[in-house]
Every structure is written in structure tokens, then in C-alpha cells.
Amino acid sequence: MWLSLLSGLIGGAAFLFALYRWVIPTAVQYHGGLALLWQDVIVEHALDTLTRTSRPQRLLKEVHRKATVGDPQSVITAIDHFCKHREWAMNVGDEKGSILDSVVNEVSTVTVLELARLLPPGVSVITLEFNPDYSAIARQVIRWSGLEEKMRSQYCCPGAASGGSLDPSDEGAFRGPGVFLDHWKGRYIPDTKLLEECGLIQKGTVMLADNVICPGTPDYLEYVRNSSRYNSHYYRPHLEYTKAEDGLEKSVFLGY
Ligand SMILES: C[S@@+](CC[C@H](N)C(=O)[O-])C[C@H]1O[C@@H](n2cnc3c(N)ncnc32)[C@H](O)[C@@H]1O
Ligand SMILES: [Mg+2]
């Protein structure tokens, strides 16, 4: 009787492990909403609790283990490999990263971007992050990549939680032709309008918005696609590290 109980327990544990490790991750590969719920809520919280570390801390550890100091490509490769094979994270990812690369190549300088491999001399990059812990980790990743010189500044905006993530007093820092939107989806429209109002979006400014399909930003898409001031183009990649549909929207500001 003890033997059958033990084998039942082992069988049950093996079943649950297989479910967690292979069956559910494979199933959620094709459904963006389920993927986000599983990877970004359930798995993240479980691993945070079990390991007493945060996902950004685990990513940083992997960068330290696998990437070469001063080599941004090795940092991106280490992060993408880890997120594809070990623990999913809400990065741009390799597939959308290539589209981001092509857009970065089109603009002469970049003003808002979080981490990129294509940063020619003289380019200045600003990243915004309102979570101080994430912001501290991002700074360490940037330092490891050897990109500190090119990152003109990195802002942590505590006020962002109450609504506004952009500080118009930083006007000089934001002016320029490249804006990458990848924060709270509900902030895409108000922050774009704020940039417009502050005159920080100029003729030729390229707005690149991530996750316009998953989780989705229908109001933002409607805004840029129906405005005669933007010329908008949709890219149809997958949600990072999955086979679920997502979208990047590139919108070039044509002027007033
Ligand atoms: C999807 S992640 C960015 C991922 C990054 N683009 C990458 O590829 O690694 C979004 C980040 O934006 C931050 N965030 C969300 N809303 C924000 C806001 N209103 N102001 C500043 N940061 C914000 C979140 O804390 C989160 O770390
Ligand atoms: Mg994103």
C-alpha cells in the first residue's frame, strides 16, 4: 500500500512538473493573452516567491554570467536566450528587435530608446523607468554593455504612477527624431499628445510603438492611423519569444 501511495505521489509530481515545464508553456505559445497571464503573472510571482529575487535581478544575473563587458550584442543575446529557453520576460525580444534595428537605422539620431545595439557615435539615448528597482537594474545592464557614454540620462519618474510619465521640464533632453513607446499601454495616447503639446515631436519624428496588438492599444492605433499628421505603418511580428500575434506601429510625424 505504501508503495502504491509513493508511486502515485511521484507520478502526480511528475505530471504537475511536465504540465508546468512543457504542456502549459507550449499551449500558451499561440495565445498572447494567455501567455501574458501565465508568464507575466503566475510564473513570475511563483519564481519571485521561490527564489526571493525579482525577474530583472534574475536577468541581470544571467547577463553577468553570459555576456561580455562592453559588448551590447552579447548582452542582448544573453537576455534573449534566457527569455526564450528559461524564463520569459516582457522585452522587445529578437524578432521585434530586428524591426527596431531597421527603424533605428532609418533615423539619424535616437531620443527615447531603452537598449539598442545600433548606436553610432553622437547618438544620445534616454530611457524612462518609474520603478526604481528596475531602473537600478537597467543602469547596471547599460554599464555592463559599455553604453553609459551613449545614455545621456535615465529618469525614474515617481509621478508616473499618478498618470504622467513624461516630465515636460526635461524638454531639451527629449527633443529629437526617435521615440520608442513600450510602457503602460494606456499611456501611449496621453504621452504622445503630451510630447506633441510640448513641441517635442517634430516633422520627421519617428514614433515606434510596441505591443499594439498584444496586449493591444486600439485607441493609439486609431489615433495615429486616422490623423493626417502621421504616416503610419504596421509591422506584424509575434509577441516576444512566442508564436502569438503582436504588432509594432511605426508612425512618422508629417508636421502641423
Ligand atoms: C515592457 S517593459 C519595457 C521593456 C523594454 N522595452 C525592453 O525591451 O526590455 C515596460 C516598463 O515600463 C515601465 N513603465 C510603465 N509605465 C511607465 C510610465 N508611465 N512611466 C515610466 N515607466 C513606466 C514598467 O515599470 C516596465 O519596466
Ligand atoms: Mg513591449
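Below you will find a few notes about this structure. Not measured: the values here are computed from a predicted model.

1. A word on helix α6 (residues 132-145)
Counted at 1.5 Å a residue, the expected span for α6 with its 14 residues is 20 Å, and the 20 Å between its end C-alpha atoms agrees. Put simply, Asn-131 is the residue that caps the front of α6, since its side-chain oxygen is 2.9 Å from the backbone nitrogen of Asp-133. Positive phi shows up at Gly-146, right after α6, with a value of about 80 degrees.

2. Details of the nonpolar core
Counting residues in hydrophobic clusters, the biggest one holds 23 residues, and the most contacted among them are Leu-59, Val-75, Ile-79, Cys-83, Val-141 and Leu-239. Every element with two or more residues in this core is listed here: α2 (32-51), α3 (55-66), α4 (72-85) and α6. Residue contributions to this core reach at least three from each of two domains, namely domain 1 (2-51) and domain 2 (94-253). The contacts of Leu-59, once residues within four sequence positions are left out, are Ile-79, Phe-82, Cys-83, Ala-89 and Asn-91. Of all hydrophobic cores here, the second largest spans 16 residues; its members include Leu-200, Ile-201, Met-207 and Val-224.

3. Considering the coordination of the magnesium ion (ligand 2)
Here the magnesium ion (ligand 2) is held by the protein donor atoms Asp-182 (OD), Asp-210 (OD) and Asn-211 (OD1), which lie 2.1 to 2.2 Å from it. On the primary sequence, the residues serving as donors to the magnesium ion (ligand 2) are separated as D-x27-D-N. Linking Asp-182 in the loop between β3 (178-181) and α8 (188-197) with Asp-210 in the loop between β4 (206-209) and α9 (212-216), this pair joins segments that are 28 residues apart in sequence. By the burial criterion, Asp-182 is buried, and Asp-210 matches it.

4. Looking at the pattern of salt bridges
Taken as a whole and assessed by the stated rule, the structure comprises 17 salt bridges. Across the salt bridge formed by Glu-44 and Arg-55, the nearest N and O atoms sit 3.7 Å from each other. Linking Glu-44 in helix α2 with Arg-55 in helix α3, this pair joins segments that are eleven residues apart in sequence. The exposure class of Glu-44 is buried, given its relative accessible area of 11%. Linking Glu-148 and Arg-143 is a salt bridge whose minimum nitrogen-to-oxygen distance equals 3.4 Å. Of the residues examined, Arg-143 reaches a relative accessible area of 46% and is grouped as partly exposed. Here the salt bridges share partners, and the residues they tie into one network are Asp-40, Glu-44, Asp-48, Arg-55, Arg-58 and Glu-87.

5. Digging into the packing of aromatic side chains
Taken as a whole, this structure holds six aromatic pairs when the rule is applied. With 5.6 Å between their ring centres and 85 degrees between their planes, Tyr-188 and Tyr-220 make a pair best called edge-to-face. Residue Tyr-188 is located in helix α8, and its partner Tyr-220 is located in helix α10 (residues 218-226); the two are separated by 32 residues in the primary sequence. Across this residue pair, the class does not change: Tyr-188 and Tyr-220 are buried. Relative to Phe-253, the ring of Tyr-230 has its centre 5.1 Å away and its plane inclined at 65 degrees; by these criteria the two rings are edge-to-face. Here Tyr-230, found in strand β5 (residues 230-235), pairs with Phe-253, found in strand β6 (residues 248-253); they are 23 residues apart in sequence, far enough to count as distant. Taking the relative accessible area as the measure of exposure, Phe-253 reaches 1% and is therefore buried. Geometry around Tyr-234 places Arg-225 over its ring, the cationic atom sitting 5.5 Å from the centre.

6. Digging into the sheet that holds β6
Strand order across the open sheet formed by four strands is β3-β4-β6-β5, with mixed pairing between neighbours. A single partner strand is all that each edge strand has here, and the edge strands are β3 and β5. Mean inter-strand twist for the sheet, computed between neighbouring axes without regard to direction, equals 15 degrees. Where helix α5 (residues 93-106) meets the sheet, its contacts fall on β3, β4, β5 and β6, and the angle it forms with β6 comes to roughly 10 degrees.

Rules used throughout
- Residues numbered from 1 in each chain as written.
- Chains lettered and ligands numbered in written order.
- Predicted model: local features only at pLDDT ≥ 70, side-chain atom pairs only at ≥ 80, totals over all residues.
- Heavy atoms only, no water.
- Helix = DSSP H or I, 4+ residues; strand = E, 2+ residues; numbered from the N terminus.
- Expected span 1.5 Å × (residues − 1).
- Polar contact = N/O pair within 3.5 Å; in protein donor to acceptor, adjacent residues only side chain to side chain.
- Core = buried A, V, L, I, M, F, W, Y, C linked by side-chain atoms within 4.5 Å.
- Buried < 20%, exposed > 50% of the residue type's maximum accessible area, 1.4 Å probe, protein only.
- Domains from an automatic or database assignment.
- Contact = heavy atoms within 4.5 Å.
- Donors = N, O, S within 2.8 Å, 3.2 Å for Na, K, Ca; no water.
- Salt bridge = Lys/Arg side-chain N within 4 Å of Asp/Glu carboxyl O.
- Phe/Tyr/Trp six-rings, centres within 6.5 Å; stacked < 30°, edge-to-face > 60°.
- Lys NZ or Arg CZ within 6 Å of the ring centre and 35° of its normal.
- Pairing = 2+ DSSP bridges.
- Axes fitted to C-alpha atoms, helices over the stretch in contact; angles between N-to-C directions.

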